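Spelled out from the first residue to the last, the chains are:
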Amino acid sequence: MASVVSLRPPAPPPRHSAPPARAKVILQCRARPIPPSEQNVRSDERTRFSFGERSTTRRREALLQIFLSAVSFPFIANNASAETDLQQSFRIYEDEMNKFRISIPQDWLVGTGEANGIKSITAFYPKGTSDLNVSVVITGLGPDYTRLESFGTVDAFAESLVNGLDRSWKRPPGLAAKLINSKAANGLYYVEYTLQNPGEKCRHILSAIGMASNGWYNRLYTVTGQFMEDESEKYRSQIEQSVSSFRLI
């Protein structure tokens, strides 16, 4: 009798258990405690930055005073101090109270006065015209201004002044200010630049800036001579001689 062979499908291979899920590594970033010494350093840095911002603001305010003296000082009543005539066409004007001396044309009028935020204004101008004049404006300064270099070098000072005045980049364009020259001499800063409003004549400005103390506080002296650019050949030499003659006494 033939034997019966039972055919069975081969058994499936044994299943392996699934690999264990990989553990997720969670990185926790914890703030590193700042040592007290480093906290003090950072606090000092913030203080210095804040002081620098305030100092820059004060410098800009002082530059604004220069701008006001250059283009908008009022003509004021004649009240001249002692004057000494020169043999030539200029005479010396000396202000003993405010401690300065300047040469001005013989026939020019003199006016003195005060304005808001300004200690003293002295204006020199010919009769019958308002486009030609020289002024000496004195303003008080804070205790952190100990010398003229507190405003920076003469070149940096001049660029800050003129760039602060310029509005030609606006739309519509505003006042156009252009720096011509700057130099330091005789303990003073000298700045030459032009100002021109749209549709108006160009105004040429020659300035001398100095600093001195009256015993109580430091004072900024701003000497500004101005004339119209189209009259440069006629008046420049007068304005230039007057501004360059300014001295603190």
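An unreviewed UniProt entry annotates the protein as PsbP domain-containing protein 3, chloroplastic isoform X2 of Elaeis guineensis var. tenera.

Among the secondary structure elements, S182 is positioned in strand β7 (residues 176-185). Within the structure, S182 has its side chain in polar contact with the side chain of D155 (distance 2.8 Å). Excluding residues within four positions of it along the chain, S182 makes contact with V154, D155, A158, Y190 and V191.

This next bit is on the nonpolar core. Grouped together as the largest cluster of nonpolar side chains are 22 residues, with contacts concentrated most on F100, I102, F124, V223, I239 and F246. When residues of this core are traced back to their parent elements, those giving at least two are β3 (100-105), β6 (133-140), β8 (188-196), β9 (203-213), β10 (218-228) and α3 (232-244). Setting aside residues no more than four positions away along its own chain, F100 makes contact with Y93, E94, D95, T122, V136, I138, Y221, F246, R247, L248 and I249. If you look at the next biggest cluster of nonpolar residues, it comprises 20 residues, including A158, V162, A177 and Y189.

Further remarks concern the pairing of β9. Judged by how many residues are buried, β9 sits mostly within the fold: nine of 11 residues are covered. Alignment of β8 against β9, held across seven bridges, turns out to be antiparallel. Each bridged residue has a counterpart across the sheet, and for Y190 the counterpart in β9 is A208. Between β8 and β9, which follow one another and run antiparallel, lie six residues, and G199 among them has a positive phi close to 80°. Alignment of β9 against β10, held across 11 bridges, turns out to be antiparallel. Paired with A208 across the strands is V223, a residue of β10.

A few words now on the pairing of strand β2 (residues 90-95). For β2 and β3, the ladder comprises six bridges, and the chain directions are antiparallel. Bridge pairing in β3 links F90 to P105. As consecutive antiparallel partners, β2 and β3 are separated by four residues, and within that stretch K99 has a phi angle of approximately 60°, a positive value.

What the seven strands build is an open sheet, ordered β4-β5-β6-β10-β9-β8-β7; its pairing is antiparallel. If you trace the sheet from one side to the other, it starts and ends with β4 (109-115) and β7, each paired once. Strand-to-strand twist in this sheet, taken as the mean axis angle between neighbours without regard to direction, amounts to 20°. The pairing of β6 with β10 spans eight bridges and is antiparallel. Counted as the bridge partner of G140 is R219 from β10.

With that settled, consider the environment of L148. With respect to the element layout, L148 can be found in the loop between β6 and α2 (154-165). Of the residues examined, L148 reaches a relative accessible area of 8% and is grouped as buried. Along the primary structure L148 and L220 are separated by 72 residues, whereas in three dimensions their C-alpha atoms are 8.6 Å apart. Each residue touching L148, except ones within four places of it in the same chain, is listed here: G187, L188, Y189, I209, G210, M211 and L220.

Parameters and conventions
Residues numbered from 1 in each chain as written. Predicted model: local features only at pLDDT ≥ 70, side-chain atom pairs only at ≥ 80, totals over all residues. Heavy atoms only, no water. Helix = DSSP H or I, 4+ residues; strand = E, 2+ residues; numbered from the N terminus. Polar contact = N/O pair within 3.5 Å; in protein donor to acceptor, adjacent residues only side chain to side chain. Contact = heavy atoms within 4.5 Å. Core = buried A, V, L, I, M, F, W, Y, C linked by side-chain atoms within 4.5 Å. Buried < 20%, exposed > 50% of the residue type's maximum accessible area, 1.4 Å probe, protein only. Pairing = 2+ DSSP bridges. Axes fitted to C-alpha atoms, helices over the stretch in contact; angles between N-to-C directions.

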